[in-house]
Structure formats: C-alpha cells, structure tokens
Amino acid sequence: MKKEIIISGFGGQGVLSMGKILAYSALMENKEVTWMPAYGPEQRGGTANVTVIVSDEKISSPILSSYDVAVVLNQPSLEKFEPKVKPGGILIYDGYGIISPPKRKDITVYRIDAMDKAAEMKNAKIFNMIVLGGLLQVCPVVSTDGVEKGLYKTLPERHHALIPLNMQAFEEGGKIVKK
C-alpha cells in the first residue's frame, strides 16, 4: 500500500497540523512516511499545503506532481490540485470553502461539511480533525488508534486534555463525509 496525499487550504485552517498528525499516526503504525509542508509568507490567510506519503515500503522521493488523494479546503486549492489527482483517485472538499464544485468524472469526489460541523460543535479549532476523520473514512491509511497515538505525539503535553474532543471531532468527520 502506498498513498500520495495532498492537503491544501488557507493558513489557519490546520492544514499543516492535519498533515503532521497523519504522518505521526502512520509512524506510530510502523509505516514509511514523508511529510512536506509548503506555505506562503502569510501564516494566517495565505495558502498552505502539505504532501504526505504513507507506504508499507521505502519511499523513493517526497516530490510529487500527481496525487492519489487531494483534500482541498478552498477554491484556489481546488483549482490548483483537482487536475493533479490521478485518474481513479479521490478528491475531498469542504462545502463551505468551495464556490464552484469539482467537475472531473474520472475521480471519486467526496464532500465534507466540516466547517458546519465545527460550528455545530461550537469549536472552530476542531475543523481539521473533522476533515481528517472524513479523509481516513474514505482512505483508511491509518487506524483510529494510530490517530490517537499521533495526537499524543504531536500535541504539546499541556494540550493532551483536548485529545478526547479531537477524537470526537475525528469520529464525526467519518460520519459526515459523503459522495
């Protein structure tokens, strides 16, 4: 198994954190991983993306020009990465950030209303965990247990009390992602 994943959105949406949690989760399950973040000079409001490769075997290069899975959280990201999803691949988008939905017919497209769910749960900071839950529901490269271990590894100890809320958000994301 080898999955090449791009996650992209505005700075401040937790894109880089989501990629880091995914990468650590895979490491906790003894998988081979690369994590390569990219962001503009603005940390909040500028675009950010992260490439994560999860594999059972050695990964030759972290540099990709096409992806098995794209998670896009805003219109500029959709426009940039929809054409780069491999035929037969997966594209997941948040309904809140997309004005013109994906058009390709040779990929499987999922919508996740994560911003709405985060508002319903009264916590905007769990948005990225809702999206991660949706991603791993449709492309289970790591287990729920791996994600929890990844959270303990990536979050500072002073935030460990927030892990149950993050895991609840993760589970909700798995429930609300749909074709």
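Residues numbered from 1 in each chain as written. Predicted model: local features only at pLDDT ≥ 70, side-chain atom pairs only at ≥ 80, totals over all residues. Heavy atoms only, no water.

Draft legend 1. Local environment of the side chain of Asp113. Here Asp113 shows up in the loop between strand 6 (108-112) and helix 3 (114-120). In this structure Asp113 comes out as buried when scored by relative accessible area, which is 17%. At 2.8 Å, the side chain of Asp113 and the side chain of Arg111 are in polar contact. Among residues more than four places away in sequence, those in contact with Asp113 are Asp94, Gly95, Ile176 and Lys178. (Helix = DSSP H or I, 4+ residues; strand = E, 2+ residues; numbered from the N terminus. Buried < 20%, exposed > 50% of the residue type's maximum accessible area, 1.4 Å probe, protein only. Polar contact = N/O pair within 3.5 Å; in protein donor to acceptor, adjacent residues only side chain to side chain. Contact = heavy atoms within 4.5 Å.)

Draft legend 2. The arrangement of the environment of Phe127 in detail. In this fold, Phe127 is placed in helix 4 (residues 127-138). Take Phe127: its relative accessible area is 3%, and that puts it in the buried class. Spatially, the C-alpha atom of Phe127 lies 9.8 Å from that of Met18, the residues being 109 residues apart in sequence. Excluding residues within four positions of it along the chain, Phe127 makes contact with Gln13, Leu73, Asp94, Ala114, Met115 and Ala118.

Draft legend 3. The arrangement of the packing of helix 5 (residues 144-154) against helix 6 (residues 163-176) in detail. It is the contact of helix 5 with helix 6, at a shortest axis distance of 11 Å, that shows an interaxial angle of 145 degrees. Read as a crossing pair, helix 5 and helix 6 show a hand that is right-handed. Touching Thr144, Val147, Glu148, Leu151 and Tyr152 of helix 5 are Ile163, Asn166, Met167 and Phe170, all from helix 6. Its residues assigned to classes, the contact of helix 5 with helix 6 shows six nonpolar, two polar and one charged. (Axes fitted to C-alpha atoms, helices over the stretch in contact; angles between N-to-C directions. Left-handed = near helix turned anticlockwise from the far one by under 90°. Nonpolar A, V, L, I, M, F, W, Y, C, P; charged D, E, K, R; others polar.)

Draft legend 4. Highlighting the sheet that holds strand 3 (residues 47-55). Taken together, the six strands give an open sheet; going across it, the order is 2-3-1-4-5-6, and neighbouring strands pair in mixed fashion. Strand pairing shows two members of the sheet lacking a second neighbour, strand 2 (32-39) and strand 6, which therefore form its edges. When the angles between neighbouring strand axes are averaged without regard to direction, this sheet yields 15 degrees. In the sheet, strand 4 (residues 67-72) pairs with strand 5 (residues 85-94) via five bridges, with the strands oriented parallel. In the strand pairing of strand 5, Val72 is matched with Tyr93. The strands touched by helix 4 are strand 1 (2-10), strand 4, strand 5 and strand 6; relative to strand 5, the strand with the most contacts, the crossing angle is about 150 degrees. (Pairing = 2+ DSSP bridges.)

Draft legend 5. Fine view of unusual backbone geometry. If you check the backbone angles, Asn30 has positive phi at about 60 degrees while not being a glycine. Structurally, Asn30 is set in the loop between helix 1 (15-28) and strand 2. Given a relative accessible area of 72%, Asn30 falls into the exposed group.

By themselves, these observations are geometric and do not establish any function.
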